[in-house]
Amino acid sequence: MCGIVGCILKENKNVGSILFNCISKLEYRGYDSVGLATYDNDIAVKKAKGDIEKVNGKLNFNNMEGNLGIAHTRWASTGNPTDENAHPHLDETKSVAIVHNGTLENYAIIKEELIENGYCFKSTTDSEVIVNLIRKYMNEGLNLEGALRKTTENLKGSYAIVAFTKDEPDKIIATKKDSPLIVAYGDEGYFVASDMPAVLDYARNIIRPQEGEIAVLTKNGIEIHDENGHEVKRKFRYIGWTPEMAQKEGYDYFMIKEINEQSAAVKNTLGQKENIQKVINEIGKVNRICFVACGTSYHASITGKYLIESLAGIPTDVVIASEARYSAKTWDKDTLVIFISQSGETYDSLMVLKEAKKTSKTLAIVNVASSAMSEDAQYVIQTQAGPEIGVAATKTYVAQLTAIYLFSGLIAGNNKLIDELYEVPAYIDEAVGKSDSIKALSKRYDFADDAFYLGRGFSYPTALEGALKLKEITYIHAEGYAAGELKHGPLALIDEKIPVIVIIPPGDDFNKTMINLEEVKARGAIVLSIGAEGDEKIAENSGEFIEMNPNIKDIIAPLVYIVPLQLLSYYVTLDRGYNPDKPKNLAKVITV
Ligand code: M6R
């Protein structure tokens, strides 16, 4: 899940500062190491272990001159995070430079063969075989493009590669398979990157090369070549996201900015109602629905199952994408497979989409318009959260939920639910307004080693998502549980050292969840409840009580009750001295 960038500028100038700016925007894809290679009469490389700002402080990328170069920010997969394993990689003659995102399954065999043929390796990455293979094929007489094509014929696995050589110093070239890659142009020049936010400051007209194609960027433009080297004409798409949308705009961290943007994300996604109705009409009748997703998007999908089954009576499954191959064999032409994804690039989901297209109707609910998933699925609904940079999903989750609620309400013809959705932005703003009191509260939880989140029915996915938010950024072990399931095992763990967060909105399940709350209280747990303002029974039985607007009933609660849980995780993370935007070992887009 690394981030890669390449650019060729129309005029010769300080390409280092432009590449550094671009790669900084991709830090959410990995921050184990960073590096740049530029060309100005010769290839210059600067790279080191560490996050982008720190490494730049040491190496100063801004003074790298020339009009072309490539950059990389790494999330270590093959090979530890070290200076040597940082990209770009050069061949031994220092005449070819590459950056790579992805994982190569057969690199060890290729490496052995190359070593036998006298090629040298300095790193323990899989990526270094790429640069040596390119050099090998160039030594055999191919030009850079031919050598890259021949190289990819040898590779098994996923890759997005950007390369240049001092033997043909007028171009950079790029190709991909199962890893994201966009090519874009603007006034300054021509760009290639893993993801749009990297280039928004310079280029907003984009296309996405297809598998087997090679993008060739020169000072004069971009050409896309098919597998036979013939030019393919493509229409570039103008992207409406602005560079400002991907800035912190005065907030300390992206995460808190994005929490504050949640009411807008819901409002803007509600604006998709007509499009969603159109998509539903085009899809036509389905007998069965299956959601496929990972992480936070999986939690949104569980809410989708509860909604569709209870409102529309259509049998609905939910499958974790990486597990789909073990359970997804029974889809047919009357099945609608719905892929939920913020990035639209999650590898496991994309692989299932490839399969699902062979048998069934496919719908992608994605936030990134130009993503692979939005291009591959038969039908698309775009959530309107804007760019999300913080690794922890927040505003894209409520935007996904909004799209799912609209979809479910529309297929069920449930106007009452749809009307209620228009109240949600105000409820969210009210919840975000509790920020200061949740900040104060967080100090009482930052000591914990473990925590439990309990919810029932519509609040069960909220419990899962609340626990995920806590564990991924605070590093506190947290479990989300169906409230009624606790007594089947985990209750044994509850004692006076364990915070238990109980999600208990008003509705049909209230009394049952209250029994679960009393059960954990009886075992001495530190109970923090989230429920309707003024509820005396909750207040009496809880150590702490976050009081929500009493008009929010259980069915709508997932869209709002997640907000205090996000804020709690955010402030506990700050109390513990961590950066909420960059949790260790994680990246925003999981393309492996
Ligand atoms: O881009 P996707 O929604 O497909 O990503 C799936 C998960 O990796 C993602 O939701 C992850 O769990 C969140 N970033 C966690 O906050």
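As the structure is a prediction and not an experimental result, all values here were calculated from the model. (Residues numbered from 1 in each chain as written. Predicted model: local features only at pLDDT ≥ 70, side-chain atom pairs only at ≥ 80, totals over all residues. Heavy atoms only, no water.)

Q: Tell me about the domain arrangement of the chain, and name the residues and values.
A: Domain parsing of the chain yields domain 1 (3–101 + 158–245), domain 2 (255–422) and domain 3 (428–580). Across the boundary between the two partners, domain 1 contributes 16 residues, which contact 16 residues of domain 2. Together, the buried faces of domain 1 and domain 2 total about 1,400 Å²; carbon and sulfur atoms form 57% of this surface. Ranking the residues of domain 1 by area buried against domain 2 places Arg 208, Trp 241 and Met 245 at the top, with a combined share of 41%. If you look at where domain 1 meets domain 2, you find two salt bridges. (Domains from an automatic or database assignment. Contact = heavy atoms within 4.5 Å. Buried area = accessible area lost by both parts, 1.4 Å probe. Salt bridge = Lys/Arg side-chain N within 4 Å of Asp/Glu carboxyl O.)

Q: Quick one: what's the story with the sheet that holds strand β6 (residues 96–101), residue by residue and with numbers?
A: Spatially, the seven strands line up as an open sheet ordered β5-β6-β7-β8-β12-β13-β14, and their pairing is antiparallel. At either margin of the open sheet sits one strand with a lone partner, and together these are β5 (89–90) and β14 (231–232). Direction of pairing for strand β7 (residues 159–165) relative to strand β8 (residues 171–177): antiparallel, over a ladder of five bridges. What sits directly across from Tyr 159, in β8, is Lys 177. The sheet contacts of helix α4 (residues 128–139) involve β5, β6 and β7, and relative to β6 the element is tilted by about 140 degrees. (Pairing = 2+ DSSP bridges. Helix = DSSP H or I, 4+ residues; strand = E, 2+ residues; numbered from the N terminus. Axes fitted to C-alpha atoms, helices over the stretch in contact; angles between N-to-C directions.)

Q: Describe the site of the ligand, listing the residues and the values that go with them.
A: Taken together, 15 residues lie near the ligand, and Ser 297, Ser 341, Ser 343, Thr 346 and Glu 472 sit nearest. A distance of 2.6 Å separates an oxygen atom of the ligand from a polar atom in the side chain of Ser 297. Between the ligand and Lys 469, the relevant distance is 3.1 Å, taken from an oxygen atom to a side-chain nitrogen or oxygen of the residue. Out of a free accessible area of 410 Å², the ligand has 90% covered by protein chains. Every element with two or more residues in the shell around the ligand is listed here: α9 (295–312) and α16 (460–474). Considering only residue class, the shell around the ligand consists of six nonpolar, seven polar and two charged. Counting residues domain by domain, the shell around the ligand receives three or more from each of domain 2 (255–422) and domain 3 (428–580). (Near = heavy atom within 4 Å. Polar contact = N/O pair within 3.5 Å; in protein donor to acceptor, adjacent residues only side chain to side chain. Areas by Shrake-Rupley, 256 points an atom, 1.4 Å probe, with all protein chains shown as cover. Nonpolar A, V, L, I, M, F, W, Y, C, P; charged D, E, K, R; others polar.)

Q: An account of the pairing of β6 is requested, with residue identities and associated values reported.
A: By the criterion of burial, β6 is predominantly enclosed, with six of the six residues buried. In β6, alternate side chains face the same way, and those of Val 96, Ile 98 and His 100 on one face and Ala 97, Val 99 and Asn 101 on the other are all buried. Two strands pair when backbone bridges link them, and β5 and β6 are joined in this way by two bridges, in the antiparallel orientation. When the sheet's bridge partners are listed, Leu 90 is paired in β6 with Ala 97. In this antiparallel pair of consecutive strands, β5 and β6, the connection spans five residues, and Lys 94 shows a positive phi of 55 degrees. (Buried < 20%, exposed > 50% of the residue type's maximum accessible area, 1.4 Å probe, protein only.)

Q: Tell me what's going on with the packing of aromatic side chains, and back it up with residues and numbers.
A: On inspection of all chains with the given rule, the structure shows eight aromatic pairs. Centre to centre, the rings of Tyr 185 and Phe 236 are 5.0 Å apart; their planes meet at 70 degrees, and the pair counts as edge-to-face. Placement of Tyr 185 in strand β9 (residues 182–185) and of Phe 236 in the loop between β14 and β15 (237–238) is noted, with a sequence separation of 51 residues between them. Given the relative accessible area of 32%, Tyr 185 is considered partly exposed. A relative accessible area of 25% places Phe 236 in the partly exposed class. (Phe/Tyr/Trp six-rings, centres within 6.5 Å; stacked < 30°, edge-to-face > 60°.)

Q: Break down unusual backbone geometry for me, with residues and values.
A: The amide bond that connects His 87 to the next residue, Pro 88, takes the cis arrangement and shows omega of 0 degrees. One non-glycine residue, Lys 94, adopts positive backbone phi at about 55 degrees. As for its placement among the helices and strands, Lys 94 is situated in the loop between β5 and β6. Overall, the relative accessible area of 46% leaves Lys 94 in the partly exposed class.

Q: I'd love a proper account of the side chain of Thr 402, names of residues and values included.
A: Along the polypeptide, Thr 402 turns up in helix α12 (residues 395–412). By relative accessible area, Thr 402 is classed as buried at 1%.

Q: Can you lay out the sheet that holds strand β22 (residues 477–482) for me, pointing to particular residues and giving the numbers?
A: If you trace the five strands from one edge of the open sheet to the other, you get β22-β21-β23-β24-β25, paired in parallel fashion. Because the sheet does not close on itself, it has two edges, and the strands there are β22 and β25 (544–548). Here the average twist between neighbouring strands, direction ignored, is 15 degrees. Pairing analysis gives three bridges linking strand β21 (residues 450–455) to strand β23 (residues 499–504), with the strands arranged parallel. Residue pairing for β23: Leu 454 is matched across the bridge by Val 502. On top of the sheet, helix α17 (residues 510–522) reaches β21, β23 and β24 (526–532); it is set at about 170 degrees to β23, its chief contact. Most of the contacts of helix α19 (residues 558–575) go to β24, to which it runs at about 145 degrees, and overall it touches β21, β23, β24 and β25.

Q: Lay out helix α10 (residues 347–359) in plain terms, naming residues and giving numbers.
A: Every buried residue of α10 is accounted for by Tyr 347, Ser 349, Leu 350, Val 352, Leu 353 and Ala 356. Each element contacted by the buried residues of α10 is listed here: β16 (288–293), β18 (335–341), β19 (361–366) and α11 (372–376).

Q: Give me α4: which residues, what numbers.
A: The end-to-end C-alpha separation of α4 is 17 Å, in line with the 16 Å expected for 12 residues at 1.5 Å each. With respect to burial, α4 is a largely interior element, 11 of its 12 residues being buried. Contact partners of the buried residues in α4: β5, β6, α3 (107–116), α5 (144–154) and β7. A positive backbone phi angle near 110 degrees is found at Gly 141, which sits one or two residues after α4. (Expected span 1.5 Å × (residues − 1).)

Q: Which residues make up the nonpolar core, and what are the values?
A: Of all hydrophobic cores here, the largest spans 76 residues; its most connected members are Ile 289, Ile 338, Leu 363, Phe 407, Tyr 453 and Val 560. Here the element with the most residues in this core is α19; it accounts for 11 residues. Three or more residues apiece are contributed to this core by two domains, here domain 2 (255–422) and domain 3 (428–580). Counting 38 residues, the second largest nonpolar core, distinct from the first, contains Val 55, Met 64, Ile 182 and Trp 241. (Core = buried A, V, L, I, M, F, W, Y, C linked by side-chain atoms within 4.5 Å.)

Q: Go over the pattern of salt bridges, please, and point to the residues and values.
A: Overall, the coordinates contain 26 salt bridges when judged by the stated rule. Of the charged contacts in the structure, one is a salt bridge between Glu 140 and Lys 136, with a shortest N-O distance of 3.6 Å. Using a relative accessible area of 18% as the deciding quantity, one classes Lys 136 as buried. Its salt-bridge partner being Glu 213, residue Arg 234 comes within 2.7 Å of it at the nearest N-O pair.

Q: Which residues make up the side chain of Asn 541, and what are the values?
A: Tracing the chain through its elements places Asn 541 in helix α18 (residues 536–541). Residue Asn 541 is classed as buried on the basis of its relative accessible area of 11%. A distance of 2.8 Å separates a polar side-chain atom of Asn 541 from the backbone oxygen of Lys 537. With residues up to four places along the chain from it excluded, the contact list for Asn 541 reads Met 514, Leu 517, Glu 518, Lys 521 and Val 527.

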